[in-house]
Amino acid sequence: MSTPPNYRPKTTLEQWRILQAVVDYGGYARAAEAINKSQSSMNHAVAKLQESLGVKLLQVVGRKAELTNIGEVMLRRSRQLTVLVTELEQLAQNLKQGWEPEIKLAVEMVFDRNKLLPVLREFQLHSRGSRLVIEDTVLTGSVEAIIDQSADIVISHQLPRGIVGEPLSNYRMQLVVASDHPLAQFPQPISPDQLSQYLQVVIRDTARKPVEAEGWLKAEQRWTVNNFNEALPLVEAGIGFCWLPPFVTRNAENLVELSLSGSSRREGGMYLVLPKNEKTGPCARLLYDMLVSELTNTLA
């Protein structure tokens, strides 16, 4: 429900905070002492709040003020309001101190995203409201993200000349087809010439100017998809062959790994890179340090 442009609130944030204090401390006297206000000002604030809303929020039972049914609902919603305002004010302070409102993490698609989840779960608790954008990169798209500094942090299997990165675990790619595909019936290892006669499923390079230096086996036919999740069903259906990492194929039941003469699998190192180096902001630096601590320990 949208708010009319000329709407003016009838209540103040301070009134809701006072109501919360009265409930939390069990009465006006203790609440007044806790938040350093006079008891009369506390009474006036709650009375004004009820008058403005036209509903009764508190009722006196014996010597104690208790919430009405309406008061319980309104109090719950008011707590959400005060938390949001506190977070908003904290975000303004963070931004004033140079904390980035948004950071981008570019991750090469051959890297298993499940390895990131424990770090991201912890990072969320310390992100101070900054948004995180996670972007898939493929092949030279990862290099481009480093060179162009279009991401704050990059996980890549390639390093541009003159760039250093924190070593992570190796990646591995398998050449796979469906078990009923003609290539699966050939004696192994098969030759690249035999392979080139069948359709290859390839993952689109995310760079603006792709450099086809790896991945494509020069098949006469190829279909291009955006990611491994799009490639896998095509391979399972027996349409073509593809280089896929084990974390993508681990639950596939009808795939076989081909042995290719000269290169049956592809492996290499992964690197964690700060493209902006000393210009990296504090939020991105925090995430980078957490990634280094977790990934270099658990994936080494």
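Before reading on, note that the structure itself is shown above.
Residues numbered from 1 in each chain as written. Predicted model: local features only at pLDDT ≥ 70, side-chain atom pairs only at ≥ 80, totals over all residues. Heavy atoms only, no water.

> Help me understand the overall build of the protein, please; the structure alone is not making it clear to me.
Across its full length, the protein holds eleven helices and eleven strands. The C-alpha radius of gyration computed for the protein amounts to 29 Å, which surpasses the reference 19 Å derived for 300 residues by more than 25%, pointing to a less compact arrangement than a globule. In terms of overall dimensions, the protein has a C-alpha envelope of 90 × 45 × 40 Å along the principal axes. Burial status across the protein gives 40% buried among its 300 residues. As presented, the protein carries roughly 17300 Å² of accessible surface, and 49% of it is formed by carbon and sulfur atoms. If the 32 positive side-chain charges of the protein are averaged to one point and the 33 negative ones to another, these points end up 10 Å apart. (Helix = DSSP H or I, 4+ residues; strand = E, 2+ residues; numbered from the N terminus. Rg over C-alpha atoms; globule rule 2.2 N^0.38 Å. Buried < 20%, exposed > 50% of the residue type's maximum accessible area, 1.4 Å probe, protein only. Areas by Shrake-Rupley, 256 points an atom, 1.4 Å probe, with all protein chains shown as cover. Lys, Arg positive; Asp, Glu negative; His and termini not counted. Charge placed at Lys NZ, Arg CZ, Asp CG, Glu CD.)

> Would you explain the nonpolar core in this entry?
One recurring pattern in soluble globular proteins is that nonpolar side chains are buried together. Among the nonpolar cores identified, the biggest contains 53 residues, and Leu116, Ile155 and Leu291 are the most heavily contacted of them. Leaving out residues up to four positions away in the same chain, leucine 291 has contacts with Leu105, Leu116, Val119, Ile153, Leu272 and Thr296. (Core = buried A, V, L, I, M, F, W, Y, C linked by side-chain atoms within 4.5 Å. Contact = heavy atoms within 4.5 Å.)

> Sorry, what's going on with the environment of valine 107 here?
One can find valine 107 in strand β3 (residues 102-108). On a C-alpha basis, the gap between valine 107 and alanine 29 in space is 56 Å, while along the polypeptide they are 78 residues apart. Once you skip the residues sitting within four places of it in the chain, valine 107 turns out to touch Arg113, Leu116, Ile134, Glu135, Asp136, Thr137 and Ile155.

> Looking at this structure, I do not really get the environment of serine 261. What am I missing?
Here serine 261 lies in the loop between β10 (255-257) and β11 (265-273). Apart from residues no more than four positions distant in its own chain, serine 261 is found in contact with Pro189, Ile190, Ser191 and Pro192.

> Help me understand the packing of helix α1 (residues 13-24) against helix α3 (residues 39-53), please; the structure alone is not making it clear to me.
Geometrically, a packed helix pair is captured by the angle between its two axes and the distance between the axes. Remark: α1 packs on α3, axes separated minimally by 9 Å, with the N-to-C direction vectors making an angle of 115 degrees. The way α1 lies across α3 gives a crossing that is left-handed. Between α1 and α3, the residues in contact are Gln15, Trp16, Ile18, Leu19, Ala21 and Val22 and Met42, Ala45, Val46, Lys48, Leu49 and Leu53, respectively. Of the residues belonging to the contact of α1 with α3, the class tally is ten nonpolar, one polar and one charged. (Axes fitted to C-alpha atoms, helices over the stretch in contact; angles between N-to-C directions. Left-handed = near helix turned anticlockwise from the far one by under 90°. Nonpolar A, V, L, I, M, F, W, Y, C, P; charged D, E, K, R; others polar.)

> When you look at the packing of α1 against helix α2 (residues 28-35) in this model, what are you seeing that I'm missing?
Where α1 contacts α2, the axes come no closer than 8 Å and their chain directions differ by 120 degrees. Classed by the angle they form, the pair α1 and α2 counts as oblique. Of the two possible hands of crossing, α1 and α2 adopt the one that is right-handed. Contact with α1, carried on its side by Ile18, Ala21 and Val22, involves Tyr28, Ala31 and Ile35 of α2 and no other residues of that element. (Parallel < 35°, antiparallel > 145°, perpendicular 65-115°, else oblique.)

> Even after reading the chapter, I still don't get α1, so can you show me in this structure?
The α-helix advances 3.6 residues per turn, and as a result positions three or four apart in sequence lie on the same side. Look at α1: 16 Å from first C-alpha to last across twelve residues, which is about the 16 Å you get at 1.5 Å a residue. Within α1 the residues assigned to the buried category are Gln15, Trp16, Ile18, Leu19, Gln20, Ala21 and Val22. The positive-phi residue at the C-terminal boundary of α1 is glycine 26, with phi of around 80 degrees. (Expected span 1.5 Å × (residues − 1).)

> Could you clarify how one ought to interpret unusual backbone geometry in this entry?
Note: most peptide bonds trans; most residues except glycine with negative phi. Cis geometry is found at the peptide bond from glutamine 188 to proline 189, where omega equals 0 degrees. Mapping proline 189 onto the fold places it in the loop between α7 (182-185) and α8 (192-195). One non-glycine residue, arginine 128, lies in positive phi territory at about 55 degrees. With respect to the helices and strands, arginine 128 occurs in the loop between α5 (117-126) and β4 (131-137). Assessed through its relative accessible area of 42%, arginine 128 is described here as partly exposed.

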